[in-house]
Each structure stands twice: as structure tokens, then as C-alpha cells.
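As a plain string of letters, each chain reads:
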Amino acid sequence: MNEFDARQQGSGHGQQGWGPNGPAPWQHAQQWPSYQAPQPRRRKRLPAMIGVLGLATVTVVGSLAWGIDQRAGGSVSRLAAPVLNPTAVAAEVSPGLVDVNTVLGFEGAQAAGTGIVLTSDGEVLTNHHVVQGATRITVTDIGNGRTYQAGVVGYDSTHDIAVLKLKDASGLTTAKTGDSSTVKVGDQVLGIGNAGGVGGTPSSAPGKVTALNQSITATDDSGANPEQLSGLIQVDANIQAGDSGGPLVNTSGQVIGVDTAGSAGSTGPGGSAGATRFGGSGGVGGGATGQGQGATGPGQGNSAQAAPTEGYAIPINEALTIADQIEAGNASSTIHIGESPMLGVSVADSGAMGLPQGTAGASGAVVTGVLPGGRADEAGLRAGDVIVGVDGRTVGSPDALSALLDQHRPGDKVTVTWIDQAQQQHTATVQLVTGPVR
């Protein structure tokens, strides 16, 4: 959950504001200037690494090494695997990539990630967690250097995939995709992306495939907000913060995966590997790990922090299947089409909050703050009210409220039922507006 109508996770207050996932707890709901934009829960800020990535022993991209077997009756030519040339492959792939820059919440915190260009008119594949919590998205195309406004076509938070559409884009260079079903352990690969969130020429991280069909528990950098991902490609390439949404490519420059997380090899709940979501790095402004604010943002980073020894990528076949469903407008239990709708309130779980004396004791989503001048404010919702229904369906928790709202789009009208602190029930029609990406 990551906007007005979702619960606070891991705040210690059991309540939530309306920034991105992991919104800041309300200290005083009425004091809006004190609101601090939260960091996206999946983005681990690592210091930008400067230096050569061990490229001294490479040869030409796609070149074939021929060996001679000395056997009775003559010599036999033996075809060896292609050898990776990181510099040449990165140069070939980079024009089909974009830097994804987001404004998070309503206080101007920023972060960055990477995207893969699918169509010449500007459809871009990235991770859901790269844009989660965003209220504004801009994209800089590496191929032509231009910057575009971007909208969200749709996303699948369960599988960490999102599709963006660039406004007024045409003639873009597209990425060349491969077949992830043919990937094998030991294959040489290259991760390419916006490491450190610094923009400019994409960085590259060579490595090899170390395992297939891996399951991980992905968390934010504090270890909170666990989320399960499965079927991933595991590599030993040094995938960094800001690389998320970028391509994992083979020796032919074909995209075979979408980089999504990194790990130091720890074990998470249920026996799956523990990993940190790699969204953007280099947040600037009000973010908790923004430049000038955070412990690990670029320019302010903790240089002693160890880089992860493992990276994880979503197989491109799976990612493209989800992208095709999104582009076709086929919503499902995991796929949301279009922008995220917002009611205009911050809510929390009644049990987690410990309701104060006189507050409605009904089970539901407790309103902890209302956006001044918004539609919910106009309808009469106030802090301390408990939302118990939407369109005649019971709301028993903030998660239930978010699930019901996710079935709508901005501009839709919903009937909201709530109980105030005097135990009086109210019902009103509220028009949903566009909120941060859920």
C-alpha cells in the first residue's frame, strides 16, 4: 500500500500518510507542513561505484573460440561458447534504455531507476517498485537524449512489473529481447542500468548465471516490508541501486531478464534467499535517504557498505507476458490498469493504532488524516472516523479499502460509509482522484 488509502507499514505508529509505500506516520494530522515524504520501501541506496568493472580479459562480442581436439585419425574442430565483451554489448544495448526519474508523494522527494524501451512510440518496461509511490514520472531516453513525461499504463505489483507510456514520443530505439527459457547456469551476462541514479551513460556489470528459478524474500533496506518473488534468474553480477528495471542481457545483447533485487546471500523467511529491492538511488529532497539527508545517498554514502554478491532478474518471457496483458488492458487479481485512484485520506488499522477514547470502535479503516480541500474533506470525512464500507461492500481493514479502490480508476465515483466519533453512521459519494502509484 503506498498512498492515502493504505496502511502504514513498519512505522511503529500503526498509521499512514499519503506518500508512497511506507508513507510517513502522522505526528499531527492537522499540521500538513510537518509531513515528511517517505522513501520508497524497496529502494536501497548504495554509493555509486567508480572504476573499471574488470573488463581486461574480454574479446569481441559474439566471437567464437575454436579449439583443436587431438584424436586418432586427425584433429576435430570444437565450437566454444561466445565470449562476453561488456563494453561492446553495453554500447549496443544502451540506446534502447531509459532513465526513469520519479517524484515521490507530495513533498518532492525523488528517486531514479531504469527502463527498457518496448516500442518506438514510447512504451517502456520497468519494475513496479521503480515507480511505486510516484506522483510524477519523467523518462530520459538514452538513444536520443530527450526527456519525456510518462504515464503508467498498468502494473503488476505481485510480479514487480510495470509498463509506462512516454508522452509524444516517436522513433525511439527499441531493445532486442531474447528467450529466457534458453538461459543456462554458467551463461555470461551483463546487467546494464542507471546505477547510482546519476544518469548519463549507463553503467554495466558483467557476470554469469549462477542459478535459475530462484525464490527470494525482497525487503527494503531496513529489512521491513517483505515481499515474495519467485522464478528468478540469479547472477553474480554487481547489480546496484538504480539498476532496477534495467536489462540483464546475454552475449548477443538480447534482454533475457529485468533486474530487480540484490542479496548478500542471507536467508529470508520460509527458507528463501533474502534480498533488497533495487529501485532508484540518488533521491534528492525530502526523502529519508535523499542526497544531503540519507546515510547512503550518492555524495553522502557510506563507502564502507558492502555491495551485494548476488543479483536477481525477472525472466524476460514472464515480464513480456505480463506487459502484453497490461498493454491489452486486461486487468486481473494482480494486474492494475491505468493510474492509481485515491480517496484523499490517510488510514490505519484500528487494532494497530489503539483507538483513543471516544473514537468509533468499529472494525475498519481508521482515518488518520484528510487532504484539505479534497473530495473526502468536502464529503465530511474527518480524522478519527472509521470507514466501514465502499459501494455496499464491507471494509474491515486498510488493505480491504485499498483492494476495493483498486477496482476503480481516477474520476470514478464511489459510495463511502463511515462511523464518526459520536457513533453516527454517514454515507456520501466521493469522486476518486489520481494518487501515487500504488
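Rules behind the numbers
Residues numbered from 1 in each chain as written. Predicted model: local features only at pLDDT ≥ 70, side-chain atom pairs only at ≥ 80, totals over all residues. Heavy atoms only, no water. Helix = DSSP H or I, 4+ residues; strand = E, 2+ residues; numbered from the N terminus. Buried < 20%, exposed > 50% of the residue type's maximum accessible area, 1.4 Å probe, protein only. Contact = heavy atoms within 4.5 Å. Areas by Shrake-Rupley, 256 points an atom, 1.4 Å probe, with all protein chains shown as cover. Polar contact = N/O pair within 3.5 Å; in protein donor to acceptor, adjacent residues only side chain to side chain. Pairing = 2+ DSSP bridges. Salt bridge = Lys/Arg side-chain N within 4 Å of Asp/Glu carboxyl O. Lys, Arg positive; Asp, Glu negative; His and termini not counted. pLDDT = per-residue confidence, 0-100. Arc of directions from axis to C-beta.

Turning our eyes to something else, we now look at the overall build of the protein. Of regular secondary structure, the protein possesses 6 helices and 24 strands. A burial count over the protein gives 53% of its 438 residues as buried. Taking all contacts inside the protein whose residues are at least 6 apart in sequence as the whole, residues at least 24 apart take part in 66%. As displayed, the protein has an accessible area near 17,300 Å², and 49% of this comes from carbon and sulfur atoms.

Time to look at unusual backbone geometry. Even without being glycine, D160 reaches a positive phi, approximately 60 degrees. Here D160 lies in the loop between β7 (147-156) and β8 (161-166). Positive phi values are uncommon outside glycine, yet D391 reaches one of about 55 degrees. Mapped onto the fold, D391 is located in the loop between β20 (386-390) and β21 (393-394).

This brings us to the environment of D406. For D406, the location among the structural elements is in the loop between α6 (398-405) and β22 (413-419). Under the relative-accessibility criterion, D406 is labelled partly exposed at 26%. Taking the C-alpha atoms as reference points, D406 and I335, 71 residues apart in sequence, are found 9.9 Å from one another. In this structure, D406 is in contact with Y155, H336, P341 and R438, ignoring residues within four places of it in sequence. Here the side chain of D406 touches R438 through a polar contact of 2.5 Å, side chain to side chain.

Below, the discussion takes up the pairing of strand β13 (residues 255-263). In terms of burial, β13 is largely enclosed, as 9 of its 9 residues are buried. Here strand β12 (residues 247-249) runs beside β13; their pairing, made up of 3 bridges, is antiparallel. The residue of β13 that forms the bridge with L248 is G257. Counting the residues between successive antiparallel strands, the hairpin from β12 to β13 contains 5 residues, one of them, G253, with a positive phi of roughly 80 degrees. As defined by bridge partners, β13 adjoins strand β15 (residues 310-315) across 6 bridges and the pair is classed as antiparallel. The residue of β15 that forms the bridge with S263 is E310.

All right, on to the pattern of salt bridges then. The full count for this structure, using the stated rule, is 5 salt bridges. For K176, the salt bridge identified is with E92, shortest N-O distance 3.1 Å. Of this pair, K176 sits in the loop between β8 and β9 (188-193) while E92 sits in helix α1 (residues 86-93); the two residues are 84 residues apart in sequence, bridging distant segments of the chain. Under the relative-accessibility criterion, K176 is labelled partly exposed at 39%. For E92, a relative accessible area of 41% corresponds to the partly exposed category. Its salt-bridge partner being D377, residue R382 comes within 3.0 Å of it at the nearest N-O pair.

Turning our attention to the side chain of D420. When you line up the elements, D420 lands in the loop between β22 and β23 (425-431). Although D420 is buried, it forms no salt bridge, and the closest oppositely charged side chain is R382 at an N-O distance of 10.0 Å.

As a further point, take the pairing of strand β6 (residues 134-141). Of the pairings in the sheet, the one linking strand β3 (residues 97-104) to β6 comprises 7 bridges and is antiparallel in character. Across the sheet, residue T102 finds its bridge partner in β6, namely I137. Taking the residues that link successive antiparallel strands as the turn, the β6-β7 hairpin has 5 residues, and the phi of G145 there is positive, at about 80 degrees.

Overall, the predicted model of the protein reaches an average pLDDT of 75, with 66% of residues at or above 70. Within the model, the stretch residues 264-273 combines pLDDT values under 50 with 20 contacts to residues more than four positions away or in other chains. Counting contacts from residues 279-308, a segment whose pLDDT is below 50, to residues more than four positions away or on other chains yields 83 contacts.

So, on to the environment of N194. Tracing the sequence through the fold places N194 in the loop between β9 and β10 (203-219). With 48 residues separating them along the chain, N194 and G242 place their C-alpha atoms 5.0 Å apart.

What α6 keeps buried is the set P398, L401, S402, L404 and L405. Around the axis of α6, the buried residues are gathered within 165 degrees of arc, so they sit on the same side. Here the buried face of α6 lies against β17 (341-342), β18 (345-349), β19 (365-370), β20 and β21.

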